[in-house]
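Fold and geometry: a report
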Amino acid sequence: MTRFANKAVLVTGGTRGIGAAITKAFLTEGARVAINGRTSASTADAMVDLKGAIAAPGDVSTVAGCEAAVGAALTAFGGLDVLVNNAGIFERGTVEETSEEMWDAVMNANVKSILFCTRAALPSLRSAKGAIVNIASESGLNGYPETTAYCASKGAAVNLTRSMAMEFAPDVRVNALCPGVVETDMSRAGFAVNGDEAEGIRRQHDAYPLKRIGTLEQAAAATLFLASDEAGFINGAALPMEGGATVGKW
Ligand code: NAD
């Protein structure tokens, strides 16, 4: 399929994990893709595996980093058709364990990044009649204990998606993808049991109604669907990709 032939796409946090899988899928479908990592060095490293992508480095937890990343993509491509706000961090912590520093780091990486990358890309996305996909989480739909700041940030990402969808219509569609656990550096570290990452991931498989977790390819496919013309009448949605984990008890 070449649904995105010649379209210009920016994927924040595209250097590894879900963002790298999204980048590969867009490249396969003919898009021109800019990948963002925190630094020029981390972005350059990732491009070895993501041939054909261009670099758009910048720490998107800051306004300056968002503007640098979007600016690099606009300079390279002359415009943007799709923005995927994927960059994010995970921190474990109860309410009592959540420091001001942890709260700010998580909210800045997971929410502020969406707002300010979108703000920088908006004029171009409006003229392209483009699309935004925000990678939120199952944790934006359900409340979970001991991940206070992360759950708050992903809930904010979901409702920010809805707010922007209303504000940018009819020019730009905005949707969120809400994945359950997908195996990446983030989930391996985040769910490790006494340092045992394999055991942590095994337990995550057991925790889902389908007795398995999602794959990188499934997350990428759902993201491309939301960005594509096939989803042309889907706007402001928060699409769960969690094997049914948020729809009931099992
Ligand atoms: P990961 O840690 O493997 O990759 C995250 C990427 O974001 C990396 O490229 C990292 O460098 C980048 N990043 C983080 N902060 C950044 C910043 N300030 N500036 C620039 N880049 C930054 O994580 P992942 O699992 O691939 O997660 C990607 C997204 O999917 C995140 O928003 C995460 O919350 C979300 N998510 C992941 C899972 C999961 O189980 N893996 C589930 C639900 C949602």
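Relevant structure appears above.
I will try to describe carefully the structure that is included in this document.

**Notes on the pairing of strand β5 (residues 131–135)**
Among the five residues of β5, five are classified as buried, and the element is accordingly described as predominantly covered. Here β5 shows a buried face lined by Ala131, Val133 and Ile135 and a second buried face lined by Ile132 and Asn134. In this structure, strand β4 (residues 82–85) lies alongside β5, joined through four bridges in parallel fashion. Each residue of the ladder has a partner; that of valine 82, found in β5, is alanine 131. For the crossover from β4 across helix α4 (residues 100–128) to β5, the handedness is right-handed. In this sheet, strand β6 (residues 173–179) lies alongside β5 in parallel orientation, the contact comprising five bridges. Each bridged residue has a counterpart across the sheet, and for isoleucine 135 the counterpart in β6 is leucine 177. Taken together, β5, helix α5 (residues 148–168) and β6 form a β-α-β motif whose crossover is right-handed.

**Observations concerning the pattern of salt bridges**
Applying the stated criterion across every chain, the model contains eleven salt bridges. Between arginine 3 and glutamate 230 there is a salt bridge, with its nearest N and O atoms 2.6 Å apart. Of this pair, arginine 3 sits in the segment before β1 (8–11) while glutamate 230 sits in the loop between α8 (216–227) and β7 (238–241); the two residues are 227 residues apart in sequence, bridging distant segments of the chain. Residue arginine 3 is classed as partly exposed on the basis of its relative accessible area of 27%. Glutamate 183 is the partner of arginine 188 in a salt bridge, and the nearest nitrogen-oxygen pair spans 3.1 Å. Salt bridges here are not isolated pairs; linked through shared partners, they connect Arg16, Glu183, Asp185 and Arg188.

Rules of the game
Residues numbered from 1 in each chain as written. Predicted model: local features only at pLDDT ≥ 70, side-chain atom pairs only at ≥ 80, totals over all residues. Heavy atoms only, no water. Buried < 20%, exposed > 50% of the residue type's maximum accessible area, 1.4 Å probe, protein only. Helix = DSSP H or I, 4+ residues; strand = E, 2+ residues; numbered from the N terminus. Pairing = 2+ DSSP bridges. Right-handed = clockwise from strand over helix to strand, strands pointing away. Salt bridge = Lys/Arg side-chain N within 4 Å of Asp/Glu carboxyl O.

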